[in-house]
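Examination of the molecular architecture
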Amino acid sequence: MTTSNDDLFTAARASIPGGVNSPVRAYGSVGGTPRFLVSASGPRVTDAEGNVYVDLVASWGPALLGHAEPHVVAAVQEAAARGLSFGASTPSETVLAELIRSRVSAAGVNPIEKLRLVSTGTEATMSAIRLARGATGRELLVKFAGHYHGHSDGLLAAAGSGIATLALPGSAGVTAATAAQTLVIDYNDLGAVRTVFAEHGDNIAAVIVEAAAANMGVVEPEPGFNRALVEIAHEHGALVILDEVLTGFRVHPAGYWGLSVERDGLYQPDLFTFGKVIGGGMPIAALGGRAEIMDHLAPLGPVYQAGTLSGNPVAVAAGIATLERATPEVYAHIDAAARRVAEGVSAALDAEGVAHSVQWAGNLFSIAFRAESPRTYAEVQDQDAFRYGPFFHAFLDAGVALPPSVFEAWFLTAAHDDAAIEQILAAAPAAARAAAT
Ligand code: PLP
């Protein structure tokens, strides 16, 4: 007997807050019943009612190669058969660390000398901040409005993603003392960066920045922004944490950093954070940087950081299998697929006279319902977000699952073939009409 999504949601709400284990999944901003997924393969996901959707969420990024890629699944099965978790060192975790480390290279420079594996992006950024504070002996953190770095207390000020979707200013439960240690400034505003350093420079441990913002919709840093940010921070003895949890190994073999060095010239953030793609769908994330900083971590140094499941062998196997297959051809395919989808959807919106801008960062894109391209969180919020619900549901009715929030990026994968792309493009005119009303 088929269980309906409605019944599953009712049951889930009885035992799980809001019926979900991560807020954006609840369809809060688009309305309707979340689809309860039971399987996924290639570019498609299947819900509990047997409906199949072309998926543009890709688990929010990890499924670079598509869902259940056979080599990745085989690697996971093989690793699982040898033991699910040892809580001890394994040979394979060094292989994954080295794969990540060696790929983050541009202009002959490799800014990551050492790397520590953790289990989630939240842990990676939280640990990177503790490390930056421990290494500099300073307390303050600078972040940008609309940037999301996971849900640790100090990072929930003006965060994007679910916070943006729910229109919350931050989170209850974060103490005033913690919030006071995070200084939030406007993105893409070097004047604001200079001002915050002029006022607090001696006590700023680090600036954390999404390599390219993708949790308030996609908003690329203006040319030279990341590079100037590093220069200013370094002038004041502060570190820069480049958060590549979402962009890392998705937009370019060397992450968004690699892509931007090609465009802007070399700049060297001090710490990097990764997640999503490096686990290929299993829980792995990482922080890395120069040895001189990373060696402040326990057991070498005084900055404590640990995890029962850190470097989990099954997740590491998925990460290795994924990164080994993240070839230049994979990126070329995703780049081209993303262009086709974005151009087709944009043309459909144009045909209906719906003001919009397609926001790009490498192969990541999102559509903002405003004529001019937004550069800051305030501009992102100044759009006809009400159009996204009908747009989303028209696509869903046609078997295409977009991210359930206008503030999220669209994720193409290596598995999005012509059939999947054509299904998306065929659905676009009706979706554009729905957005127009
Ligand atoms: N940093 C960025 C840029 C992210 O996009 C995310 C999640 O979307 C995180 C950190 C947090 O990662 P996780 O959800 O694995 O905790």
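Residues numbered from 1 in each chain as written. Predicted model: local features only at pLDDT ≥ 70, side-chain atom pairs only at ≥ 80, totals over all residues.

A few words now on the overall build of the protein. Along its length, the protein carries 15 helices and 13 strands. Relative to the 2.2 N^0.38 estimate, which gives 22 Å for 437 residues, the radius of gyration of the protein is 21 Å and therefore close to what a compact globule would have. Each principal axis of the C-alpha atoms in the protein carries an extent, and together these give about 55 × 55 × 45 Å. Burial statistics for the protein: of 437 residues in total, 52% are counted as buried. Sequence separation of 24 or more characterises 76% of the internal contacts of the protein that already satisfy a separation of 6 or more. (Helix = DSSP H or I, 4+ residues; strand = E, 2+ residues; numbered from the N terminus. Rg over C-alpha atoms; globule rule 2.2 N^0.38 Å. Buried ≥ 20, exposed ≤ 12 C-beta atoms within 10 Å, placed from the backbone. Contact = placed C-beta atoms within 7 Å.)

This part covers the site of the ligand. Around the ligand, a shell composed of 16 residues is seen, among which Gly121, Thr122, Gly150, Val245 and Leu246 lie nearest. If you tally residues by element for the shell around the ligand, the top one is helix α4 (residues 121-136), at three residues. Here the shell around the ligand is built from residues that sort into five nonpolar, nine polar and two charged. (Near = placed C-beta within 6 Å. Nonpolar A, V, L, I, M, F, W, Y, C, P; charged D, E, K, R; others polar.)

Right, let's talk about the UniProt feature "modified residue: N6-(pyridoxal phosphate)lysine" (unreviewed entry) in the protein for a bit. As annotated by UniProt and renumbered to match this structure, "modified residue: N6-(pyridoxal phosphate)lysine" (unreviewed entry) occupies Lys276. Positionally, Lys276 belongs in the loop between β9 (271-274) and β10 (285-289). Discounting residues that sit within four places of it in the chain, Lys276 has contacts with Trp60, Gly61, Pro62, Gly121, Val245 and Leu246. (UniProt positions renumbered as here; feature names shortened; annotations may be inferred.)

The side-chain alternation of β9 yields two buried faces, one formed by Leu271 and Thr273 and the other by Phe272 and Phe274. Where strand β8 (residues 239-243) meets β9, three bridges bridge the pair, whose relative direction is parallel. When the sheet's bridge partners are listed, Asp243 is paired in β9 with Thr273. Traced from β8 through helix α9 (residues 255-264) to β9, the parallel crossover comes out right-handed. As paired elements, β9 and β10 share four bridges and run antiparallel to each other. Bridge pairing in β10 places Phe274 opposite Ala286. (Pairing = 2+ DSSP bridges. Right-handed = clockwise from strand over helix to strand, strands pointing away.)

So, on to the sheet that holds strand β6 (residues 182-185). A sheet is described by the order of its strands in space; here seven strands give the open sequence β4-β10-β9-β8-β7-β5-β6, paired in mixed fashion. Edge positions in the sheet fall to β4 (114-118) and β6, since each of these pairs with one other strand and no more. Between one strand axis and the next, the sheet turns by 20° as a mean value, whatever way the strands run. Pairing analysis gives three bridges linking strand β5 (residues 140-144) to strand β7 (residues 204-210), with the strands arranged parallel. Bridge pairing in β7 links Leu140 to Ile204. Contacting β4, β9 and β10, helix α3 (residues 91-103) runs over the sheet at an angle of about 120° to β4. Across the sheet, α4 is in contact with β4, β5, β7, β8, β9 and β10; its angle to β9 comes to roughly 165°. (Axes fitted to C-alpha atoms, helices over the stretch in contact; angles between N-to-C directions.)

Moving on: the nonpolar core. In this structure, Ala132, Ala206, Leu239, Val240, Ile241, Ala286 and Val400 are the most contacted members of the largest nonpolar core, which totals 139 residues. Broken down by element, this core gets its largest block of residues, eight residues, from helix α11 (residues 313-324). Looking at this core, you find at least three residues from each of domain 1 (11-47) and domain 2 (71-324). Apart from the residues lying within four places of it in its own chain, the contact partners of Ala286 are Ile100, Leu115, Arg116, Leu117, Val118, Ala124, Phe274 and Ile278. (Core = buried A, V, L, I, M, F, W, Y, C linked by C-beta atoms within 7 Å. Domains from an automatic or database assignment.)

What follows covers the pairing of strand β1 (residues 37-41). Regular strands place their side chains on alternate faces of the sheet. In terms of strand pairing, β1 meets strand β2 (residues 44-47) through four bridges, oriented antiparallel. Within β2, the residue paired with Ala40 across the bridge is Val45. Linkage of β1 to β2, two consecutive antiparallel strands, is achieved through a turn of two residues, within which Gly42 is found at a positive phi near 60°.

Moving on to the sheet that holds strand β13 (residues 400-401). Two orientations exist for strands paired in a sheet by backbone hydrogen bonds: parallel and antiparallel. The strand order β1-β2-β3-β13 describes an open sheet built from four strands, whose pairing is mixed. On the outer flanks of this sheet lie β1 and β13, each paired with one strand and no other. Pairing of β2 with strand β3 (residues 52-55), which is carried by three bridges, proceeds in the antiparallel orientation. Directly across from Arg44, in β3, lies its bridge partner Val54.

Time to look at the environment of Leu156. Secondary-structure assignment places Leu156 in the loop between β5 and α5 (162-165). Residues Leu156 and Thr182 lie 26 residues apart in sequence; the distance between their C-alpha atoms is 9.2 Å.

Attention now moves to the packing of helix α12 (residues 328-351) against helix α15 (residues 418-436). Axes are the key here: two packed helices are described by the angle between their axes and the distance separating the axes. Where α12 meets α15, the axes come as close as 8 Å, and the angle between the chain directions of the two elements is 30°. Taken as axis vectors, α12 and α15 run roughly parallel relative to one another. Crossing angle aside, the handedness with which α12 passes α15 is right-handed. Between α12, through Ala337, Arg340, Val341, Gly344, Val345, Ala348, Leu349 and Ala351, and α15, the contact on the second element is made entirely by Ile421, Ile424, Leu425, Ala428, Pro429, Ala431, Ala432 and Ala435. Across the contact of α12 with α15, the residue classes break down as 14 nonpolar, one polar and one charged. (Parallel < 35°, antiparallel > 145°, perpendicular 65-115°, else oblique. Left-handed = near helix turned anticlockwise from the far one by under 90°.)

To continue, consider α12. Relative to the 34 Å expected for 24 residues at 1.5 Å per residue, α12 spans 35 Å between its end C-alpha atoms, a close match to the ideal helical length. Looking only at α12, the buried set comprises Tyr331, Ile334, Ala337, Ala338, Val341, Val345 and Leu349. Looking at the buried positions of α12, the neighbouring elements they touch are β12 (364-368) and α15. Taken from the residues just after α12, Gly353 is the one with a positive phi, measuring 70°. (Expected span 1.5 Å × (residues − 1).)

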